[in-house]
Amino acid sequence: MSEKNDGANRDATKRSARERLLVERERQKTRDKRRRTLVVAAAVVGVLGLATVVGVIAANTGKDDSAKAGPVVAPSGATGKDALAIQAGKPEAKSSLTVWEDFRCPSCKFFEDNYRDVIHDLEAKGLLKVDYHLVTLIDRRMGGSGSLKAANAAACAQDAGKFTEYHDLLFQNQPQEIDDAFGKNAKLLELAGKVDGLDTPEFRSCVEDGTHNSWVAKSDAAFTAGQFRGTPTVLLNGKDILSDQANQVTPQKLKEQVEAAAKGSGGAAAGAGKASPWGSATPGSGTKAGAKASPSASRTGSGGSSGSSSSGSAQD
């Protein structure tokens with residue numbers, strides 16, 4: 001009898017142990033499930049928190065970029081409406097040339113290479129003043145910041161009284177249109193070293209701080225608002241001298257017109273029948289000769305050498 005009782009007790013003990021094990025297993029499953037839920041919840045909170053942080057960073061980055069634009073600071077001696085022009089030549093000159101240019105624009109380089117000597121000669125004689133308006137068309141079209149930074153550096157050179165020398169040097173050393181070399185301050189400062197007396201701590205600070213960036217942006221906005229055909233846009237006493245593909249003003253005719261104006265004999269019709277240094281209008285552009293179009297009008301390739309009046313580049 002005693003053996004039977006002992007056997008029954010052992011069986012009861014085994015059942016009790018199995019039951020406790022099953023209960024413990026169920027409890028462990030519950031704990032594991034709760035733990036997984038907490039881990040997932042924590043992960044979700046972490047992701048949401050990270051997204052919030054990223055959003056804040058993005059928002060703050062945008063605000064910082066806006067703040068970096070800074071106030072509109074016109075360069076020394078800037079003139080014209082809203083002080084958006086840098087003037088070269090004598091203010092009392094009878095003829096005025098208005099030039100809208102982009103330092104990355106190949107067509108602007110072509111214009112400068114062909115007309116530079118005549119323009120400087122007329123300036124030196126007191127017959128012509130030139131109002132330069134700086135544009136960032138190529139930055140907007142091709143990407144990069146070379147147009148903006150070069151224009152800012154040119155405005156910094158104006159502060160130092162070295163605008164003309166640095167302006168000419170930038171065009172003489174213009175990189176390929178797709179090469180944003182002017183987007184690097186080091187390149188702009190390197191070129192400044194070639195202009196006597198320009199590479200000063202003040203100039204370097206002006207370039208590196210982008211002192212005139214907002215002024216350049218305002219000039220570019222004025223260009224867009226003016227609905228000009230492209231860069232360069234060149235106006236002699238208010239008349240576009242490059243828009244009429246059949247009757248454009250060559251460097252020689254520019255000289256003749258300015259000299260005639262100084263003598264009071266007009267010369268408005270000068271240039272008729274002369275070959276254009278710019279070639280024909282861009283095929284398929286849909287822009288009639290002399291008409292205004294979008295500043296983002298099509299461009300043909302640049303060409304020509306200094307002093308040449310052979311076919312070259314249409315406007316950017």
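Chains are numbered independently. Their residues run from 1 in the order of the written sequence. In view of the model being predicted, local features appear only for residues whose pLDDT reaches at least 70, and side-chain atom pairs are presented and counted only at 80 or more, with totals across whole chains, interfaces and linings using the full set of residues. Hydrogens and waters are ignored; side-chain quantities use all the structure's heavy atoms.

> Even after reading the chapter, I still don't get the overall build of the protein, so can you show me in this structure?
Labels follow the DSSP assignment, with helices taken as runs of H or I lasting at least four residues and strands as runs of E lasting at least two, numbered in each case from the N terminus. Secondary structure assignment for the protein yields nine helices and five strands. Along its sequence from the N terminus, the protein presents helices and strands in the succession α-β-β-α-β-α-α-α-α-α-α-β-β-α. Each residue's exposure class comes from its accessible area (1.4 Å probe, protein chains only) as a fraction of the maximum for that residue type: buried when under 20%, exposed when over 50%, partly exposed otherwise. Among the 316 residues that make up the protein, the fraction classed as buried is 39%. Pairs of residues are marked as contacts when any of their non-hydrogen atoms sit within 4.5 Å. Long-range pairs, those at least 24 residues apart, make up 76% of the contacts in the protein with a sequence separation of at least 6. In short, Shrake-Rupley with a 1.4 Å probe defines the accessible areas, and a residue's cover is counted only from the protein chains shown. When the accessible surface of the protein is split by element, carbon and sulfur atoms take 54% of a total near 16400 Å².

> Please clarify how the packing of helix H2 (residues 106-124) against helix H5 (residues 163-172) should be interpreted in this entry.
Axes are the key here: two packed helices are described by the angle between their axes and the distance separating the axes. Helix axes are fitted to C-alpha atoms over the stretch in contact, other axes to C-alpha atoms as well, and angles between N-to-C directions run from 0 to 180 degrees. Following both chains from N to C, one finds H2 and H5 inclined at 140°, their axes separated by 9 Å at the closest point. Taken together, the axes of H2 and H5 lie oblique to each other. In this structure, H2 crosses over H5, and the sense of that crossing is left-handed. In this structure, H2 uses Cys108, Lys109, Glu112, Arg116 and His120 to contact H5, whose residues at the interface are Thr164, His167, Asp168, Phe171 and Gln172. Amino acid classes used here: Ala, Val, Leu, Ile, Met, Phe, Trp, Tyr, Cys and Pro are nonpolar; Asp, Glu, Lys and Arg are charged; the rest, including Gly, are polar. Across the contact of H2 with H5, the residue classes tally to two nonpolar, four polar and four charged. Oblique is the label for any angle not covered by the other classes, which are roughly parallel (under 35 degrees), roughly antiparallel (over 145) and roughly perpendicular (65 to 115). Note on convention: near helix rotated counterclockwise from far helix by under a right angle means a left-handed crossing. Clockwise means right-handed.

> Looking at this structure, I do not really get the pattern of salt bridges. What am I missing?
Should their charged atoms come close, side chains of opposite charge can pair. A pairing counts as a salt bridge when a side-chain nitrogen of Lys or Arg comes within 4 Å of a carboxyl oxygen of Asp or Glu. Summed over the entire model, instances satisfying the criterion amount to twelve salt bridges. A salt bridge links Arg104 to Asp139; the nearest nitrogen and oxygen atoms lie 2.8 Å apart. Here Arg104, found in the loop between strand S2 (95-101) and H2, pairs with Asp139, found in helix H3 (residues 137-142); they are 35 residues apart in sequence, far enough to count as distant. Each member of the pair, Arg104 as well as Asp139, is classed as buried. Of the charged contacts in the structure, one is a salt bridge between Asp220 and Arg140, with a shortest N-O distance of 2.9 Å. With a gap of 80 residues between them, Asp220 in helix H8 (residues 213-225) and Arg140 in helix H3 connect regions that are remote in the sequence. Overall, the relative accessible area of 7% leaves Asp220 in the buried class. A relative accessible area of 44% means that Arg140 is categorised as partly exposed. Among the ionic contacts, a cluster of salt bridges with common partners joins Lys109, Asp113, Arg116 and Asp168.

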